[in-house]
Amino acid sequence: MKGSSARATGGQPRRRLFALALLLILSLSLGAALAFQAIQTSRRHRETAERALEDYAGFAAFILASQTYRQLGGAVVQSLGSWQPGVGPGAVPPGTTCEGGTTYFEQTSGSHTLHLIGASLPETVTGALTDTLHNAMNLLEEVGWRFRYIRIHTGPPDGFFLTSFKEPNGEYGVRGFSACLAGAESPFRAIMLSEHALPPAIAGSTPADSMFSVAVTAGGDRQLFHSPVSYASPFEGSARLGTEFGDLTLAVQLRADIANRLVIGGIPSSPTPLAAGLLGLSTLLVVTALLQLKREYELITIRSDFVSNVSHELRTPLSQILIFTELLKLGRLRTKAERDRSLDIIDQETRRLIRLVENVLQFSRSSAERRPMQCQDLGLPLVVNETLDAFRPLAAARGATLRSVVPAASSVKADRSALRQIMLNLLDNAVKYGPKGQTVNIEVLPINGRTRIVVDDQGPGIPLEDRERIWQGYYRLQRETNSAVAGSGIGLAVVRSLATGMGGTTWVEDAEAGGARFIVELETGNGEGL
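Within each chain, residue numbers correspond to sequence positions counted from 1 in written order. Local features in a predicted model are, by the rule used here, given only for residues with pLDDT of at least 70; side-chain atom pairs are given and counted only at 80 or more, and totals for whole chains, interfaces and linings are based on all residues. Calculated side-chain values reflect all of the structure's heavy atoms, with hydrogen atoms and water omitted.

Per the convention used, a helix needs a DSSP run of H or I reaching at least four residues, while a strand needs a run of E reaching at least two, with both numbered from the N terminus. The helix and strand tally for the protein chain stands at nine helices and 16 strands. By definition, residues are in contact when any of their heavy atoms lie within 4.5 Å. In the protein chain, once contacts between residues fewer than 6 apart in sequence are set aside, the share between residues at least 24 apart is 67%. Approximately 27,600 Å² of the protein chain is accessible, and the part contributed by carbon and sulfur atoms is 56%. To measure how exposed things are, a 1.4 Å probe is used in the Shrake-Rupley method; for residues, cover is taken only from the protein chains shown.

A 1.4 Å probe rolled over the protein chains alone gives each residue an accessible area, and that area as a share of the maximum for its type sets the label: buried under 20%, exposed over 50%, partly exposed in between. Of all seven residues in strand β9 (residues 248-254), five are buried; the element is thus mostly enclosed. Both strand β6 (residues 212-218) and β9 contribute to a ladder of seven bridges, which runs antiparallel. By the bridge assignment, Val-214 is partnered in β9 with Val-252. Following DSSP output, two strands are said to pair if at least two bridges run between them. Direction of pairing for strand β8 (residues 236-240) relative to β9: antiparallel, over a ladder of five bridges. Considered in β9, the bridge of Arg-240 is made with Thr-249.

Take the packing of helix α8 (residues 416-433) against helix α9 (residues 491-501) next. For helices, the axis comes from a line fit to the C-alpha atoms of the stretch in contact; other axes are also lines fit to C-alpha atoms, and the angle between any two N-to-C directions lies between 0 and 180 degrees. As a packed pair, α8 and α9 sit with axes 9 Å apart at the nearest point and diverge in direction by 150 degrees. What the angle tells us is that α8 and α9 run roughly antiparallel. Crossing hand, α8 versus α9: left-handed. In this structure, α8 contributes Ala-418, Gln-421, Ile-422, Asn-425, Leu-426 and Asn-429 to the contact, and α9 contributes Gly-491, Leu-492, Val-494, Val-495, Leu-498 and Ala-499. Lys, Arg, Asp and Glu make up the charged group, whereas Ala, Val, Leu, Ile, Met, Phe, Trp, Tyr, Cys and Pro make up the nonpolar group; the residues left over, Gly among them, are polar. Per-class residue counts for the contact of α8 with α9 are eight nonpolar, four polar and no charged. In these notes the angle categories are as follows: under 35 degrees is roughly parallel, over 145 is roughly antiparallel, 65 to 115 is roughly perpendicular, and the rest is oblique. Each crossing is labelled by how the near helix is turned from the far one, with a counterclockwise turn of less than a right angle marking it left-handed and a clockwise turn marking it right-handed.

In terms of residue burial, strand β16 (residues 516-523) counts as a mostly covered element, since seven of its eight residues are buried. In this structure, strand β14 (residues 450-456) lies alongside β16, joined through seven bridges in antiparallel fashion. Looking across to β16, one finds that Arg-452 is bridged to Glu-521. In this sheet, β16 lies alongside strand β15 (residues 505-510) in antiparallel orientation, the contact comprising six bridges. Bridge pairing in β16 places Thr-505 opposite Glu-521. Turn length for the β15-β16 hairpin, with the two strands adjacent in sequence and antiparallel, is five residues, and the turn residue Gly-514 shows positive phi of about 95 degrees.

Looking now at the packing of helix α7 (residues 380-397) against α8. Contact geometry of α7 with α8 gives a least axis separation of 10 Å together with a crossing angle of 40 degrees. In terms of axis orientation, α7 runs oblique to α8. Helix-helix and strand crossings are classified by hand; for α7 and α8 the assignment is right-handed. Seen from α7, the contacting residues are Leu-380, Val-383, Val-384, Glu-386, Thr-387, Leu-388, Ala-390, Phe-391 and Ala-395; seen from α8, they are Arg-416, Leu-419, Arg-420, Met-423, Leu-424, Leu-427, Asp-428 and Val-431.

Now the structure itself:
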């Protein structure tokens, strides 16, 4: 019945613990799912923002390329349209003049001779230009381009603008001028600073070269122009300048640290580190809570067993006392020997009840509530003999013999009732778990200013791994959990608690003749105590 009572007592708290553990695990799972969803959502938002920035860069490149075609192309057409035969145009577009001056040239279809005006050109450039113009002459005539930009790979200069013309006599030809586009006054830079490549509502009044950089390349390998400050950025767009400009491509790179201004709300930062940190912290808290719940579950089990064991220990002596008291009252015990034996049993069980109640009261008190120790010099011969006399009836019931070796002058500084309770608990432990008919030895050993009270039994001893655990409350050896020996599991915990309160220490080791040796070491008295 005691087992079913314990299960009934602890069943409901256990179910609550299981429900709470399940709730914690579900909460952690939900948190992990929400964190994953937040990371995925943020990633998608960031990808959308990055695509928007790439679109901005592509849009800016398109705007600048279109304006370059319109403005620079228009200026080139105007310059070539004002060409004076034998002299050249009145002026070339701003920012296209080379450091050594501008070279003007003419060549007709009927002549392979290139007529140069103005700054001279290296022979290698002149030869390459002659061959290129001869091939471009027919193309310009057929396609009808207003102008054409060509590059000579042996330059400088960077390239040449040219156009076709036709004489009144029907002869046609090409004319043009050299151009250097990479200078500080480059038309590309002028267009970059003057045009609104990014939407004004977003860019505001911020200068263009503070938001993006521009580079113009020829054929993808030769850079003709780049803005004074170049920004390395993943947000890049490019556009061709138009067929008349040949293989020139304009690229725009947005400044990475200003990109947030170009997207409403900015580029979402990745929540992964924060989510991972919070999830890790949540996991740690849940694991800690689960460990605490596990500990709580163990305590519930231990306390249930404790209540069951204490109930059994209380019930047994009370039943004995009640039985023999009723026999005495009813006069069923007719001989003096029977009556004396009944009184002895009542005395034994009463002593056992008193000791059990004292242990429970001592163990159940908190540190602040435990009674203060009245330590004084105590002569051990008297205290030990009084304790043995009080315990002999219980020892006799188990067939145990008590033997003591106590030096006459031995003494300790201790509380009398606490010391008596310590020795009673150690003797009870030795008699309870030792074999019937054993001899329990009590010995007092003065050592280096301290005095040891030693209790040896002839039982199975204490395993090494359990020699510290046995001093904990509610703990019982695994081999004793299913035995018929009743025990509350608090007797040795009370021993250590009382000994510690008097400045002493406790431990257990192997006895010389087998069994366990329990040792309580206290401060030695001055020998004046009684």
